[in-house]
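# A structural walkthrough
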Amino acid sequence: MKVAEAVGRALYAAGVGQVFGVVGSGNFHLTNAMVAAGSRFVAARHEGGAATMADAYARMSGTVAALSVHQGPGLTNAMTGIAEAAKSRTPLLVLAAEVTEPRSNFYVDQEALARSVGAVSARVTSAEDAVTEALDAVRRAVCERRTVLLNLPLGVQALDVPDALAGESALAVVPPERAPVEPEFADVEALARVLVKSRRPVFVAGRGARSPGARDALVTLAERHGALLATSAVARGLFHGDPWSLDVSGGFASPLAAELIQQADLIVGWGCALNMWTMRHGRLIGPDTTVVQVDDDASALGAHREVHLGVTGDVELTARRALETHDANRQAQQGEQARQGQQAQPGQQAQPGQQSGQGFRTADIGVSIAARVRWRDVPYEDTSTRERIDPRTLSIALDDILPAERVIGVDSGNFMGYPSMYLSVPDENGLCFTQAFQSIGLGLATAIGAALARPDRLPVAALGDGGAMMGAAEFDTVRRLGLPMVVVVYNDDAYGAEVHHFGPDGHPLETVEFPPTDIAAVARGYGFEAVTVHTRVDLKAVEDWLAGPRSAPLLIDAKVVADRGAWWLEEAFRGH
């Protein structure tokens, strides 16, 4: 058995069941070995698309995925998607063939490429150690939540694995899941004291809180202390349906959400970086607000802003320990009062399992949240014309038309806030937000990976016209896979972010504006059904498609007004 086959079999046995890529001579045998062992392979039309598909699949499935690429140009083509995955700490395994002779036209320093974007580099070095080294790469991806580049030199791939080791490749031990980090008792006690003291607490949950267990623990703890609930963009939907949810904190926050967060006397980030996007460069934090951060990676604490208390621990475990501490302290207080013959004042003490303070959860705030926290409920002047539709009007209409059970992939650009915030999602697995690198052109591939991870939901890709044309090759992948996807293109015939950022200052815009493009016709060429939307009435075709067999994907070429920048755009450019 050759090393390529042994490694492929071992990776499948270790739980790598989904592979994306573009196959060339260098990764041909390895990819086929994984497929023969049982892995599902999805062929993309470009390595960049394959990388983003793998990233999105891993995020939405909760499993490690693999990307298989050719040596040299196959890897360089994939680097933007790999950078996004690495910056997002996605557990992803990149399998790259490698040439080691500098005179080869395929030679690049692949290890340096990985380091340059924050990925981890590893290498298969011998026939004797190949399986062990491959499994170590999987373990590191899973247990450290890292994107790992496993280089596979062509010469090593072709070696024979010793007979004594050949059988072990099919018996690979599945790498353990990342063990939950137990918080220190003293840190939990400190957190409990801060929570009891707070009168206006807000919880902001991020990527590290994206699980049903973490959500339930946070909801219960928030109820105890009267806290309002919010998320970062990547965790949107975690508190969907909760009457005290503010939806997203940061640049995407609605006016009411931003106002209430600014009034908080305590902000607790749960698995959330509290970075410039989520805290609007710190402007959502009041001058006297206490800031607490809970994360299972100690290096993340205080990385983006100073915190008053940092707790190293798994989000769910830490929240549950804080609940236990709170209830135990209450019981101890009540026991002491009973021994001293004291009578608790009405509303002063709470029984275990009950809310200990009203906090932010007043009747007036509850009414305001119900009426005004969603962007679609914020009044606006509809600037639609007979030729172009306001992106808010478009997004609200699509939110009403499309099924609630959906998974959305969003590209980057001026338009991105509209689908991200006006289209509702059912839970934390409803929005795949690949924006850590802020690269245009990843949205369609994001939606493909998310769709394969969540086949029970209608996949929706929200793109700008620039990103749609960048990633157009993957229209073929959507059609070939038979995905019943809705692709919405917010088409303003420009790179809108640059138009609205530089235009007001009188700069020439010819480099970022384009002649009108019939993207609907482009999609039909790939086998899509397509509709061009100028007004709300044109969306009747979307309703008809939904009511039909959905045998081909649908593209909506929405000609949107371009009279102003999105509300979040100013925040975005503050980060440059």
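Residues numbered from 1 in each chain as written. Predicted model: local features only at pLDDT ≥ 70, side-chain atom pairs only at ≥ 80, totals over all residues. Heavy atoms only, no water.

What follows is about the packing of aromatic side chains. In this structure the tally under the stated criterion is nine aromatic pairs. Centroid distance Phe 252 to Phe 433: 5.9 Å. Interplanar angle 80 degrees. Geometry classified as edge-to-face. Taken together, the residues span a long stretch of sequence, with Phe 252 in the loop between strand 9 (245–248) and helix 11 (255–262) and Phe 433 in the loop between strand 14 (431–432) and helix 16 (443–453) at a distance of 181 residues. You'll find Phe 252 and Phe 433 in the same group, each marked buried. A network of ring pairs unites the aromatic residues Trp 375, Tyr 418 and Tyr 422 as a single cluster. (Phe/Tyr/Trp six-rings, centres within 6.5 Å; stacked < 30°, edge-to-face > 60°. Helix = DSSP H or I, 4+ residues; strand = E, 2+ residues; numbered from the N terminus. Buried < 20%, exposed > 50% of the residue type's maximum accessible area, 1.4 Å probe, protein only.)

Within the open sheet, the six strands sit side by side as 2-1-3-4-6-5. Their pairing is parallel. What marks the edges here is a single partner per strand, and that holds for strand 2 (40–43) and strand 5 (120–123). This sheet shows a mean twist of 25 degrees between the axes of neighbouring strands, independent of strand direction. Note: strand 1 (residues 18–21) against strand 2, four bridges, orientation parallel. Across the sheet, Gln 18 pairs through a bridge with Arg 40, a residue of strand 2. Each of strand 4 (92–98), strand 5 and strand 6 (147–153) touches helix 6 (residues 130–143); the most contacted strand, strand 6, lies at about 165 degrees to it. (Pairing = 2+ DSSP bridges. Axes fitted to C-alpha atoms, helices over the stretch in contact; angles between N-to-C directions. Contact = heavy atoms within 4.5 Å.)

What follows deals with the sheet that holds strand 15 (residues 458–464). Spatially, six strands are ordered 14-13-15-16-18-17 in an open sheet, and the strand pairing comes out parallel. With partners counted over all chains shown, the strands left at the sheet margins are strand 14 and strand 17 (529–533), one partner each. Alignment of strand 17 against strand 18 (residues 554–559), held across five bridges, turns out to be parallel. Bridging across to strand 18, Val 531 finds its partner in Ile 556. Against the sheet, helix 14 (residues 391–401) makes contact with strand 13 (406–410), strand 16 (486–491) and strand 18, and its axis sits at roughly 170 degrees relative to strand 16, the strand it touches most.

This part is about the confidence of the model for the chain. Per-chain confidence: the chain averages 93 in pLDDT, with 94% of residues scoring 70 or above. The low-confidence segment residues 344–356 (pLDDT under 50) makes 27 contacts with residues lying over four places distant or belonging to another chain. (pLDDT = per-residue confidence, 0-100.)

Bringing the pattern of salt bridges into the picture now. For the structure shown, the criterion picks out 32 salt bridges. As a salt-bridge pair, Arg 45 and Asp 476 come within 2.7 Å of each other at their nearest N and O atoms. Highlighted residues: Arg 45 in the loop between strand 2 and helix 3 (47–61) and Asp 476 in helix 18 (residues 475–481), separated in sequence by 431 residues. Residue class for Arg 45 comes out exposed when judged on its relative accessible area of 53%. With a closest N to O distance of 3.6 Å, Arg 89 and Asp 297 form a salt bridge. In this pair, Arg 89 sits in the loop between helix 4 (73–87) and strand 4 while Asp 297 sits in the loop between strand 11 (290–295) and strand 12 (309–312), placing the two residues 208 residues apart along the sequence. Using a relative accessible area of 32% as the deciding quantity, one classes Arg 89 as partly exposed. Linked through salt bridges whose partners overlap, the residues forming this network are Glu 98, Glu 111, Arg 115 and Arg 123. (Salt bridge = Lys/Arg side-chain N within 4 Å of Asp/Glu carboxyl O.)

Turning to the pairing of strand 1, a few remarks are in order. In strand 1, alternate side chains face the same way, and those of Gln 18 and Phe 20 on one face and Val 19 and Gly 21 on the other are all buried. Between strand 1 and its parallel partner strand 2, the chain crosses via helix 2 (residues 28–37), and the hand of that crossover is right-handed. (Right-handed = clockwise from strand over helix to strand, strands pointing away.)

Let's shift gears to the state of the cysteines. Considering all chains together, one arrives at zero disulfides under this definition. There is no disulfide at Cys 272, and the cysteine sulfur nearest it, in Cys 432, is 17 Å away. Overall, the relative accessible area of 2% leaves Cys 272 in the buried class. (Disulfide = S-S within 2.5 Å.)

With respect to the element layout, Gly 118 can be found in the loop between helix 5 (110–116) and strand 5. Here Gly 118 falls in the partly exposed class, since its relative accessible area comes to 30%. Once the C-alpha coordinates of Gly 118 and Arg 146 are considered, the two residues, 28 residues apart in sequence, prove to be 8.9 Å apart.

Axes are the key here: two packed helices are described by the angle between their axes and the distance separating the axes. At a minimum axis distance of 7 Å, the contact between helix 3 and helix 16 shows a crossing angle of 40 degrees. Taken together, the axis directions place helix 3 and helix 16 in an arrangement best described as oblique. Crossing hand, helix 3 versus helix 16: right-handed. Contacts from Gly 49, Thr 52, Met 53, Ala 56, Tyr 57, Met 60 and Ser 61 of helix 3 reach helix 16 at Ala 445, Thr 446, Ile 448, Gly 449, Ala 450, Leu 452 and Ala 453. The residue inventory of the contact of helix 3 with helix 16, partitioned by class, reads nine nonpolar, five polar and no charged. (Parallel < 35°, antiparallel > 145°, perpendicular 65-115°, else oblique. Left-handed = near helix turned anticlockwise from the far one by under 90°. Nonpolar A, V, L, I, M, F, W, Y, C, P; charged D, E, K, R; others polar.)

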